[in-house]
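Results of the structural survey
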Amino acid sequence: MTLRKLLKIVVGLLLLFAVVVGLTSISHPIILIWVTGSARHIGKPIQATIYTNGQVNHGIKVFHIEKYWGSSEKANNYLLKLTEYDSLGMLKFFNINLNEKWIGRPVGTSKNDYDFIVGHLFQSETGGHFTPFQDDMKGFNFDPQLSFTDRQIKFYMPPNKLKFDSVRIELQ
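The paragraphs below set out a description of the structure included in this document. None of the values given here were measured: they were computed from a predicted structure.

Attention shifts here to the overall build of the protein. On a plain count of helices and strands, the protein comes out with two helices and 13 strands. Judged by the C-alpha coordinates and their principal axes, the protein covers about 65 × 30 × 30 Å. Taking all 172 residues of the protein together, 39% fall into the buried category. Within the protein, contacts between residues at least 6 apart in sequence are counted, and of these 47% link residues at least 24 apart. Carbon and sulfur atoms provide 56% of the accessible area of the protein, an area that totals close to 10200 Å². For the protein, the distance from the average site of its 19 positive side-chain charges to the average site of its 14 negative ones is 11 Å.

So, on to unusual backbone geometry. Positive phi values are uncommon outside glycine, yet Lys101 reaches one of about 60 degrees. Note on placement: Lys101 falls in the loop between strand E6 (93–97) and strand E7 (102–106). If you check the backbone angles, Gln145 has positive phi at about 55 degrees while not being a glycine.

Okay, the nonpolar core next. Counting 22 residues, the largest nonpolar core has Leu80, Phe94, Ile96, Phe155, Met157 and Ile169 as the members making the most contacts within it. Residue assignment for this core shows that the elements contributing at least two residues are strand E5 (74–81), E6, strand E12 (152–156) and strand E13 (166–171). When residues in this core are grouped by element, the largest group, three residues, is from E13.

With that settled, the discussion passes to the sheet that holds strand E2 (residues 48–52). Taking strand neighbours across the sheet as the criterion, the five strands line up as E3-E2-E13-E12-E11 in an open arrangement whose pairing is antiparallel. Edge positions in the sheet fall to strand E3 (55–56) and strand E11 (147–148), since each has one partner strand and no second. When E12 meets E13, the two strands line up antiparallel, connected through five bridges. Counted as the bridge partner of Phe155 is Val167 from E13.

Spatial strand order, E1-E9-E8: three strands in an open sheet with antiparallel pairing. Of all the strands in the sheet, the pair left with one neighbour each is strand E1 (39–43) and strand E8 (114–117). The average undirected angle you get between the axes of adjacent strands in this sheet is 30 degrees. The pairing of E8 with strand E9 (residues 120–124) spans four bridges and is antiparallel. Bridge pairing in E9 links Asp115 to Phe122.

Turning to its location among the elements, Ser27 is positioned in helix H1 (residues 3–27). In this structure the C-alpha to C-alpha distance between Ser27 and Ile117, which are 90 residues apart in sequence, comes to 9.8 Å. Beyond its immediate stretch of four places on either side in the chain, Ser27 contacts Lys111 and Asp115.

Checked against the element boundaries, Ile30 lands in helix H2 (residues 30–35). Along the sequence, Ile30 and Ile117 sit 87 residues apart, while their C-alpha atoms lie 9.3 Å from each other.

Let's shift gears to the side chain of Asp115. Following the sequence through the fold, Asp115 ends up in strand E8. Within the structure, Asp115 has its side chain in polar contact with the side chain of Lys111 (distance 3.3 Å). Sequence-distant contacts of Asp115, that is, excluding residues within four places in its chain, are made with Ser27, His28, Ile30, His120, Leu121 and Phe122.

What counts and how
Residues numbered from 1 in each chain as written. Predicted model: local features only at pLDDT ≥ 70, side-chain atom pairs only at ≥ 80, totals over all residues. Heavy atoms only, no water. Helix = DSSP H or I, 4+ residues; strand = E, 2+ residues; numbered from the N terminus. Buried < 20%, exposed > 50% of the residue type's maximum accessible area, 1.4 Å probe, protein only. Contact = heavy atoms within 4.5 Å. Areas by Shrake-Rupley, 256 points an atom, 1.4 Å probe, with all protein chains shown as cover. Lys, Arg positive; Asp, Glu negative; His and termini not counted. Charge placed at Lys NZ, Arg CZ, Asp CG, Glu CD. Core = buried A, V, L, I, M, F, W, Y, C linked by side-chain atoms within 4.5 Å. Pairing = 2+ DSSP bridges. Axes fitted to C-alpha atoms, helices over the stretch in contact; angles between N-to-C directions. Polar contact = N/O pair within 3.5 Å; in protein donor to acceptor, adjacent residues only side chain to side chain.

Put into structure tokens, the structure is as follows:
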């Protein structure tokens, strides 16, 4: 194979990659943010059983986050996706930080901040910043009474925000 032919193959593959990223970014703008390094791939939901008001709820997805943004410091966070239950647009996702013992909602939840591509969750850097529920200005001025063990997480939701008030997550 000649150098010229190899160069044509490499250029062709780069153009193909650019076209695929460009076309994907039309319906999933976070892909461009990810390619430039300002978003991260969180992955698929983990195995967990979620109970809301004591009943199994299959509509909530749980993701485990092992690192904080921009550092190698280990995190013990769980991100919950509940877009089907959010009527106000404020709780599409929320974060449970077990290291610091708080629950918070993201500062941004647009398609530029969170998106699913082929079943994988992507999160922008902006989407990785959260406001605790306890915050009286940007939060809900509400104590969720977070408690947890190695296999279970329990907390309460702010009243009248969702169709349920209590959540229990059984990790597997």
